[in-house]
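# A closer look at the structure
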Amino acid sequence: MSARTWARDLSLGARFAVTGGREGWVRTVLTAVGVGLGVALLLLTTALPSVIGKRHDRDDARTDFTFSSRKDIPRGEDTLVSAHVDTSYHDEEVRGRLLQPEGPEAPVPPGLHSLPKQGEMYVSPGLKKLLASKDGALLRERLPYRTAGTIGDSGLMGPRELAYYAYSDDIARHVGSDGRVARIKQYGDVGEAQDDEGLPPVLLLLILVIFVVLLMPVAVFIAAAVRFGGERRDRRLAALRLVGSDGGMTRRIAAGEALAGSVLGLVFGTGFFLLGRELVGSVDLFGISVFPSYLTPSPLLALLVALAVPAAAVLVTLFALRGVVIEPLGVVRTARPARRRLWWRLLLPVAGLAMLSPMIGKGNENGDFNEYLVVGGVLLLLVGVTALLPWIVETVVGRLDSGGVAWQLAVRRLQLSSGTAARMVNGIAVAVAGAIALQMLFTGVQDDFTQDTGRDPSRAQMEVDMTAPGKADLVAGKVEERFQRTKGVAAAVALSVDSVSERRKDPELSSDITVGTCASLREIADLPSCHDGDAFALPAPSDPGQGPGDEVDQLLKPGLQLYVDPSFSGSPKGAEVVWKVPDRLPVVKQRHDALQNEIWGLLVTPSAAPAAALPQMSGRVYVRLDHAVPDATEHVRNTAAALDPFSDAWTWVSEKTSDQYEAIRTGLFIGATCVLALIGASLLVSQLEQLRERKRLLSALVAFGTRRRTLSLSVLWQSAIPIALGLVLASVVGLTLGAVLQKMSQVPVQIYWGSVLSMTGVGAAVVLTVTVLSLPALLRLMRPEGLRTE
Amino acid sequence: MTPPSGSLLAAEELRKAYGPTMALDGAHFSIHPGEVVAVMGPSGSGKSTLLHCLAGIVPPDSGSITYNGAELATMSDAQRSALRRSEFGFVFQFGQLVPELTCVENVALPLRLNGTSRKEAERAALGWMQRLEVDDLSKKRPGEVSGGQGQRVAVARALVTGPRVLFADEPTGALDSLNGERVMELLTEAARSTNAAVVLVTHEARVAAYSDREIVVRDGKSRDMERAV
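Just so it is clear, the model here is predicted, and its values are computed rather than measured.

### Focus: the overall build of chain A
When helices and strands are tallied, chain A shows 21 helices and 20 strands. Taking as baseline every contact in chain A between residues at least 6 positions apart, the subset at least 24 positions apart corresponds to 82%.

Here it is as structure tokens:
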């Protein structure tokens, strides 16, 4: 067979795709839309490295605080003091910086032409919009600066990022004493490269599986899209047989038609991608926004997509036609096809499990996952779903029989073309199987990436950490009062905290000293009696895993001379305030529901506290909110910012998960959203295509009195039966893969039925939505106009 | 003009337009029980539209259609559907058999839509298939039978509910002459045996020859033909 013959037949098929009149065009366009959606998602994937890289570069370029900047930089004409004053507003992070230039050559942050002046700030477009809106009223109170301009794109991670740079003339004195204030000579000085330890093996496993799980349904969908309208095409091919084309030639012509659809799909996909690229700037998904310019597909990967998609279209068509007999007069054999065989379909998942088995138990050691085996194993397991599903659908629907007319119509339809039905659900079954497995792995390893914060949100809901101005007022109770007067605050407790040691410098022993009123200290420990001037010893828990233990207790001795805020070599000098432990030091126990269970050491009332050390101590205000007041959290943050711009007001949670873990989970959610949207769209296109092919029959059925409800119900059953089978199979494969992944990560195998139900529920909801969306088309196709031939 | 007395189905002054095209422009029609009336005319003359209006599939823009004395225009869509299920039968040129159902299931379908049990419906269907000489095809699907056989299955399906009016739109249009003649013989014999009226839309004179009376539709207007006996 010469290449020339192939080219001739393929091009003939491609010509048929566009010269077949309205019918031909509709089919080609449907295929192209389907393939285009998949291609757009693939192009998006190829652009991911660029998105991550560019966001990383932007972040590096505006870096203003690194380990190298901790080194003493003397004040000069070219220095700038920068303070981190990040905040949150309505659950969105706001990046904030106070800037104090120390000379005319002070560096200017990326995205700004000049530094803000007294009372001014530069804001990101996202923040500008928020501040101008009604929704931003409380944030306007927090940022008492005049907006002098906007930050350019080069200074932002994404178009919807909330960020500002404001002027301050009072931050230079905190250089060296406050970790959030630094003197810099330039932006983007990321310092010496830190050792990149890479991702923990379990997270790497998650990422690998996520990519396979998200891209697999796209591939399955593209394979299904190139077969849209196959029945009508087969009839056309029969006509070609009549005029003399042989079987091979007919198949190549069919492949040529699919090739034309897929090439047009590439064009559509590029169009969808470019359209989506423009829209992406106005979208904020799970707190991440990206500039359209970030979405630049990797040329090599884009080329791979451009070649692989048409090649896949040709191969899929040839594969699909291998069991179809196209005869010159008999049109296409529409009788019951040969039964599907099970053995080779079972081999795929078994081979997948075999590839994954050597990886079992590698998770928590030095992480030696073989990426190829992991990807190959997961891929085979999921491909197994697509191979097993047609067999299962055929076998089960072959046994279904009795029922009403709608049920009978649906079952018979499925019996005649179970392959088409299985193809429709393959994508969603693969996605659900993968999602169940991932959910199991996520839940299984969550504990490894989650830490107890030591805070009990039932006792207080917010904590305000104060490190700079205003601390002196803390002990005097003024700060407590300010918070208590704040709208939405039910109660506020203020404490000052520092460390004490036996030596002025480089001590061997250290403990904490906590200063507060009797009422405040009672929130931490059970005090027998308390008056101003009293001090108490709160020993660390005896459980070695719970705290510093003996080290703390050695310093809790009456009359001992201690140093508050000792110095350490290599760190800024501490206050080193000499203080004698009061002679009366009753030992107390921690309250069982202490506000914070990590406080041990000395509990001291204001009169007994070392007065000279008080201004150096860190302040903490614990706030109980009145949840009936809307935006109580934001009111507290505003009070905190007014008292101390460096304050950190944060909401209490009992547990905190690792940032990397969270980032991967966010990535999964974004990917899963895109894939589910694609699958939903593809199902709809496929459903409409099938209905269109039955237009005349539907009209005829209505003509002789079939109720529209019966036909609608029949369409629902036609979707529901394969999807139910697909979801059962997806659950079995998903649970198996999830269990294997858990074993690989060395976490106990546990099934989370909630996640199984939620994932299958999402799958079912997609199908139901698609069926509902296709009903208007169904009703339109049932109109009597379908009977007209002129 | 009033419909002839004793008409089972009659239409007066029917008008129906599809966009700018006037498909029916003042057409008249009447048929008595047991009568076979051929509606003839060239392609695009409006004969199929007349059939669709008479069967209550398409509502006319104006004019009146009465079935058994009842005005179709006053019936709801559900009532007209019920009428088509129980009183009317249909044979079309294309697309009438459900490809996924077996032939016997296809024939039994109208009965099942009327609520008859599956077993009973299929027994009745087999009886009609025997009369139309296609009972050996009962387990086959439409894709596995020839055009003539398929059309006979369609006739059996149209008659299985014992309709009082049978609408046949070009029933032999896709068949060769031999098969076409056999289908027409069986159709008219079966209809006459049940005293069903037959509205036969065709453009072929040899098919129209099976009718008792002919009506010609041209430019949306109908005219009774005098037939030389």
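### Some points on unusual backbone geometry
Residue and element names in this part refer to chain A. You will see that Asp 91, though not glycine, has its phi angle at about 65°, which is positive. Along the chain, the position of Asp 91 falls in the loop between strand S2 (87-89) and strand S3 (92-101). Its identity is not glycine, yet Asp 506 carries a phi of approximately 45°, on the positive side. With respect to the helices and strands, the residue Asp 506 is situated in the loop between strand S10 (489-501) and strand S11 (510-515).

### A short note on the nonpolar core
Counting residues in hydrophobic clusters, the biggest one holds 203 residues, and the most contacted among them are A:Ala429, A:Ala433, B:Val39, B:Ala156 and B:Val199. Examining the composition of this core, we find that 18 residues originate from one element, helix H12 (residues 418-446) of chain A, more than from any other. When we break this core down by domain, the ones giving at least three residues each are domain 1 (1-63 + 203-335) and domain 3 (349-451 + 657-790) of chain A. Setting aside residues no more than four positions away along its own chain, B:Val199 makes contact with B:Ile31, B:Val37, B:Val39, B:Leu51, B:Leu54, B:Val165 and B:Phe167. Counting residues in each nonpolar core, the second largest holds 51 residues, with A:Val493, A:Ala525, A:Leu538 and A:Leu585 among its members.

### As for the pairing of strand S14 (residues 561-564) of chain A
All names here are of chain A. Looking at chain direction, S10 and S14 are connected through 2 bridges and run antiparallel. Bridging from a neighbouring strand, Val 500 pairs with Val 564 of S14. Sheet analysis places S14 next to strand S15 (residues 577-580), joined by 4 bridges and oriented antiparallel. Each bridged residue has a counterpart across the sheet, and for Leu 562 the counterpart in S15 is Trp 579.

### Some points on the sheet that holds strand S10 (residues 221-224) of chain B
Residues and elements named next belong to chain B. A sheet is described by the order of its strands in space; here 6 strands give the open sequence S6-S7-S8-S3-S9-S10, paired in mixed fashion. The outermost strands of the open sheet, each flanked by one partner alone, are strand S6 (88-91) and S10. Across this sheet, the average inter-strand angle for adjacent strands is 20°, counted without regard to direction. Where strand S3 (residues 36-40) lies against strand S9 (residues 213-218), 4 bridges are found, and the strand directions are parallel. Counted as the bridge partner of Met 40 is Val 216 from S9. Sitting on the sheet, helix H1 (residues 47-54) is in contact with S3, strand S7 (165-169), strand S8 (197-201) and S9, with an inclination near 150° to S8.

### Structural notes on the interface of chain B and chain A
The parts lose accessible area when they come together, and the size of an interface is often stated as this lost area. The interface of chain B with chain A comprises 25 residues on the first partner and 20 residues on the second. Listing elements by their share of the side of chain B that touches chain A, those giving two or more residues are H1, helix H2 (77-86) and helix H3 (103-113) of chain B. For the side of chain B that touches chain A, the element with the most residues is H2(B), which contributes 4 residues. When grouped by side-chain class, the residues that make up the side of chain B that touches chain A number 11 nonpolar, 8 polar and 6 charged.

### Some details on the sheet that holds strand S4 (residues 62-67) of chain B
All names here are of chain B. With antiparallel pairing, the 4 strands of this open sheet are ordered in space as S2-S1-S4-S5. Of all strands in the sheet, those bounded by a partner on one side alone are strand S2 (21-31) and strand S5 (70-71). Here strand S1 (residues 9-18) runs beside S2; their pairing, made up of 8 bridges, is antiparallel. Counterpart to Tyr 18 in the pairing with S2 is Thr 21.

### A look at the environment of A:Ala720
Residues and elements named next belong to chain A. Note on placement: Ala 720 falls in helix H20 (residues 708-744). A count of 16 C-beta atoms within 10 Å places Ala 720 in the partly exposed class. Distance from Ala 720 to Ala 410, taken between C-alpha atoms, is 9.7 Å for residues 310 residues apart in sequence.

### Let's talk about the confidence of the model for chain B
For chain B, mean pLDDT is 87; residues scoring 70 or higher make up 96% of the total. Note on the complex model: pTM 0.65, ipTM 0.77.

### Quick word on the packing of H3(B) against helix H5 (residues 147-159) of chain B
Residues and elements named next belong to chain B. Two numbers describe how H3 lies on H5: the axes approach to 7 Å, and their chain directions differ by 30°. Regarding the angle of H3 to H5, the classification is roughly parallel. The chirality of how H3 crosses H5 is right-handed. Facing Cys 103, Asn 106, Val 107, Leu 109 and Pro 110 of H3, the residues of H5 in contact are Val 153, Ala 156 and Arg 157. Among the residues forming the contact of H3 with H5, the class breakdown is 6 nonpolar, 1 polar and 1 charged.

### Notes on helix H11 (residues 405-416) of chain A
Taking 1.5 Å of rise per residue, 12 residues should cover 16 Å, and H11(A) covers 16 Å from first to last C-alpha, within 8% of that figure. With respect to burial, H11(A) is a largely interior element, 11 of its 12 residues being buried. Buried within H11(A) are the following residues: A:Val405, A:Ala406, A:Gln408, A:Leu409, A:Ala410, A:Val411, A:Arg412, A:Arg413, A:Leu414, A:Gln415 and A:Leu416. Taken together, the buried residues of H11(A) touch helix H10 (371-399), H12 and H20 of chain A together with H3 of chain B.

### Points about the pairing of S8(B)
The side chains of a regular strand alternate, first on one face of the sheet and then on the other. Residue and element names in this part refer to chain B. Counting buried positions over the 5 residues of S8 gives 5, a clear majority of the element. Taking every second residue as pointing to the same face, both faces of S8 are buried, with Ala 197, Val 199 and Val 201 on one and Val 198 and Leu 200 on the other. Pairing analysis gives 4 bridges linking S3 to S8, with the strands arranged parallel. Its bridge partner lying in S8, Val 36 is registered against Val 198. The sheet contact formed by S7 and S8 spans 5 bridges and is parallel. Counted as the bridge partner of Ala 168 is Leu 200 from S8.

What counts as what
Residues numbered from 1 in each chain as written. Chains lettered and ligands numbered in written order. Predicted model: local features only at pLDDT ≥ 70, side-chain atom pairs only at ≥ 80, totals over all residues. Helix = DSSP H or I, 4+ residues; strand = E, 2+ residues; numbered from the N terminus. Contact = placed C-beta atoms within 7 Å. Core = buried A, V, L, I, M, F, W, Y, C linked by C-beta atoms within 7 Å. Buried ≥ 20, exposed ≤ 12 C-beta atoms within 10 Å, placed from the backbone. Domains from an automatic or database assignment. Pairing = 2+ DSSP bridges. Axes fitted to C-alpha atoms, helices over the stretch in contact; angles between N-to-C directions. Nonpolar A, V, L, I, M, F, W, Y, C, P; charged D, E, K, R; others polar. pLDDT = per-residue confidence, 0-100. Parallel < 35°, antiparallel > 145°, perpendicular 65-115°, else oblique. Left-handed = near helix turned anticlockwise from the far one by under 90°. Expected span 1.5 Å × (residues − 1).

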